[in-house]
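If you want the building blocks of each chain, they are given just below.
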There are 2 protein chains.
Amino acid sequence: MDLSVKILPATNDVHGGVIVDLKEPMDSEDFATLLRSSLLHWKQQGKDGVWIKLPIELVNLAETAVKEGFWYHHAEPNYLMLVYWIPKTGCTIPPNASHRVAVGAIVLNDKKEVLVVKEKRGGFHGIGVWKIPTGLVDAGEEIFEAAIREVKEETGIDTEFVEVLAFRHTHNSFFGKSDISFICMLCPLSFDIKKQELEIEAAQVFSFDRCRT
Amino acid sequence: MDLSVKILPATNDVHGGVIVDLKEPMDSEDFATLLRSSLLHWKQQGKDGVWIKLPIELVNLAETAVKEGFWYHHAEPNYLMLVYWIPKTGCTIPPNASHRVAVGAIVLNDKKEVLVVKEKRGGFHGIGVWKIPTGLVDAGEEIFEAAIREVKEETGIDTEFVEVLAFRHTHNSFFGKSDISFICMLCPLSFDIKKQELEIEAAQVFSFDRCRT
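Residues numbered from 1 in each chain as written. Chains lettered and ligands numbered in written order. Predicted model: local features only at pLDDT ≥ 70, side-chain atom pairs only at ≥ 80, totals over all residues. Heavy atoms only, no water.

> Can you lay out the side chain of histidine 74 of chain B for me, pointing to particular residues and giving the numbers?
Residue and element names in this part refer to chain B. Assignment of secondary structure puts histidine 74 in strand S4 (residues 71–76). A relative accessible area of 1% means that histidine 74 is categorised as buried. Here the side chain of histidine 74 touches tyrosine 79 through a polar contact of 2.6 Å, side chain to side chain. (Helix = DSSP H or I, 4+ residues; strand = E, 2+ residues; numbered from the N terminus. Buried < 20%, exposed > 50% of the residue type's maximum accessible area, 1.4 Å probe, protein only. Polar contact = N/O pair within 3.5 Å; in protein donor to acceptor, adjacent residues only side chain to side chain.)

As structure tokens, then:
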């Protein structure tokens, strides 16, 4: 059996690189041998970027990849993505996600009352501040959907999206990442407030004319 | 010496959790012992979220943390961030960055000519498409700065930012993340095109009236 031709299973990407999506457990020494012969093979093929996706169950292989010159691209709760650049020319591997996107919801009823909450956690906790419902837009979620969802989660109120009033770009908000927040105008479709217990201390409507912020 | 009180160096965060920012090399068995006694200690203290930041040089400790129940929060090229949630109640650890933010630059001169490029790499390569300069906004960078930088990098043209014309939210563009693209109007301050060699095949100005997209 010719071990020299054994390489890691890989698929080509559209940019001239290869993607290794490991799923089966493997001994780290076997992985080291396979990885070295694979890198040689891909170099001969003229490949550039090499991506290795390691499920968290295969964390034992991360050290081997790093020793072979790989670095981290990104991680999600259940996997780690490592990358390597074969050519001598400049690396054009795109960076990881750089932003969180947030929504703030102005829910205004026909009495010009706005829906406000007090938070149980975080920087606004314990200082008596009433604020509009806010939250993060999930990857894959539309901005208007996130605004409707956050209002429902925090206050139990059903709403209809009206428009985006403004957006704001802020920096260094979370592990060096930046935030873009969209302030959305929503129209209430229900009026019975049921606050969420885990994160919300209080929720009420407030005369808009009395609001300072 | 009472080994039971030895715990990992940690700082409190503002949300009731602790952050361990490891910097010194450590044997993985020593780390396992310290981590277990630390988790007991933090539990007794009523802490909730535990964050461990491992520089890539300490990748040997990642397996130990995962075995103790930690999972990945995010990774950047030079470090891996692992998290753990002590209470029985729902985990409120915020998710990792979910979006990339991009700019597209419409650079229009007083002859109603627009600056366009052909790309050497990626999905637009080899299909003859002329497009406006585009690129990713770095974390910490302003949208207008990114637009000016991308035009300069790709074409050598200096510009002044005028306004944001539109934005677009797209999904599942890069490892399940979403993109927000801001189309910016810019005014050229120089006119001598010097295209970037690595990623740009051609750059020119084009009568705006002839543009289809």
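> If you had to explain the packing of aromatic side chains to someone new, which residues and values would you point to?
Describing an aromatic ring pair means giving the distance of the ring centres and the angle of the ring planes. As enumerated under the stated definition, the model contains 15 aromatic pairs over all chains in all. Ring centres of phenylalanine 175 of chain A and tryptophan 51 of chain B lie 5.1 Å apart, and the angle between their planes is 50 degrees; on these two criteria the pair is classed as tilted. Placement of phenylalanine 175 of chain A in the loop between strand S9 (159–174) and strand S10 (177–188) and of tryptophan 51 of chain B in strand S3 (residues 49–55) is noted, with the two residues assigned to different chains. The exposure class of tryptophan 51 of chain B is buried, given its relative accessible area of 7%. Through a chain of ring-to-ring contacts, the aromatic side chains of Phe167 and Phe182 of chain A together with Phe167 and Phe182 of chain B assemble into a single cluster. When the ring centre of tyrosine 79 of chain A is taken as reference, the NZ or CZ atom of lysine 53 of chain A above it lies at 4.4 Å. (Phe/Tyr/Trp six-rings, centres within 6.5 Å; stacked < 30°, edge-to-face > 60°. Lys NZ or Arg CZ within 6 Å of the ring centre and 35° of its normal.)

> Quick rundown of unusual backbone geometry? Include the residues and the values.
For residues besides glycine, phi is generally negative; the peptide bonds are generally trans as well. Even without being a glycine, phenylalanine 175 of chain A presents a positive backbone phi close to 50 degrees. Owing to a relative accessible area of 33%, phenylalanine 175 of chain A belongs among the partly exposed residues under this scheme. Backbone geometry places lysine 112 of chain B, a non-glycine residue, at a positive phi of 55 degrees. Its place among the elements puts lysine 112 of chain B in the loop between strand S6 (99–107) and strand S7 (113–119).

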